[in-house]
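Architecture at a glance
So you can see what is in the structure, the chains are spelled out below.
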Amino acid sequence: MKPLFKNYNFDFNALEKKLLQTMVKQILRQIEGDNRYITEIRIYQSLSEKLSSSQSPIRLTKEEIKRLELQLTENSKLLKEKIKKSIFFMKWIYKPLLKQYEAILNRHFKK
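Report follows, based on the coordinates. Please read these numbers as outputs of a predicted model, since none were measured by experiment.

The rules we used
- Residues numbered from 1 in each chain as written.
- Predicted model: local features only at pLDDT ≥ 70, side-chain atom pairs only at ≥ 80, totals over all residues.
- Heavy atoms only, no water.
- Helix = DSSP H or I, 4+ residues; strand = E, 2+ residues; numbered from the N terminus.
- Buried < 20%, exposed > 50% of the residue type's maximum accessible area, 1.4 Å probe, protein only.
- Contact = heavy atoms within 4.5 Å.
- Areas by Shrake-Rupley, 256 points an atom, 1.4 Å probe, with all protein chains shown as cover.
- Lys, Arg positive; Asp, Glu negative; His and termini not counted.
- Charge placed at Lys NZ, Arg CZ, Asp CG, Glu CD.
- Axes fitted to C-alpha atoms, helices over the stretch in contact; angles between N-to-C directions.
- Parallel < 35°, antiparallel > 145°, perpendicular 65-115°, else oblique.
- Nonpolar A, V, L, I, M, F, W, Y, C, P; charged D, E, K, R; others polar.

**Notes on the overall build of the protein chain**
In terms of helices and strands, the protein chain carries four helices and two strands. Listing the helices and strands of the protein chain from first to last along the sequence gives β-α-α-β-α-α. For the C-alpha atoms alone, the extent of the protein chain along its principal axes is close to 45 × 40 × 30 Å. Out of the 111 residues belonging to the protein chain, those deemed buried represent 34%. Residue pairs in contact within the protein chain that sit at least 24 positions apart in sequence constitute 61% of those at least 6 positions apart. Just so you have it, the protein chain exposes about 8200 Å², and 56% of that area is on carbon and sulfur atoms. Averaging the locations of the 24 positively and 12 negatively charged side chains of the protein chain gives two centres separated by 5 Å.

**Focus: the environment of T73**
Within the secondary structure layout, T73 lies in helix α3 (residues 62-85). Its relative accessible area of 23% is what places T73 among the partly exposed residues. Note: C-alpha distance between T73 and L97 (24 residues apart in sequence) is 13 Å.

**Details of the packing of helix α1 (residues 14-31) against helix α4 (residues 88-109)**
Where α1 contacts α4, the axes come no closer than 11 Å and their chain directions differ by 105 degrees. Here α1 is positioned roughly perpendicular relative to α4, judged by the angle of their axes. Residues E16, L19, L20 and M23 of α1 pack against L97, Q100, Y101, I104, R107 and H108 of α4. When its residues are assigned to classes, the contact of α1 with α4 shows six nonpolar, two polar and two charged.

Encoded structure:
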């Protein structure tokens, strides 16, 4: 039987929080000046505030979870493509980041 309500509380460790904060700040820098992304900006600003707070279980909304999961999957796809096309040194740089993204996805967002 499918559960009626989904748990939106996440307990990220310090490294995961730092990685997600960096990713969200980068997204905000990219879309901040464009008026077409007002709802996205609001969602990512809320997400940034929640990640920078010291709350142990972070309570996210459904929209925040959806955006975060989508961004993580797209970033991991992009990194996989970059790893295939890059030279040894760049592979060495990208692989740990890809592993961190996949670990967050597997630990918190897989159904």
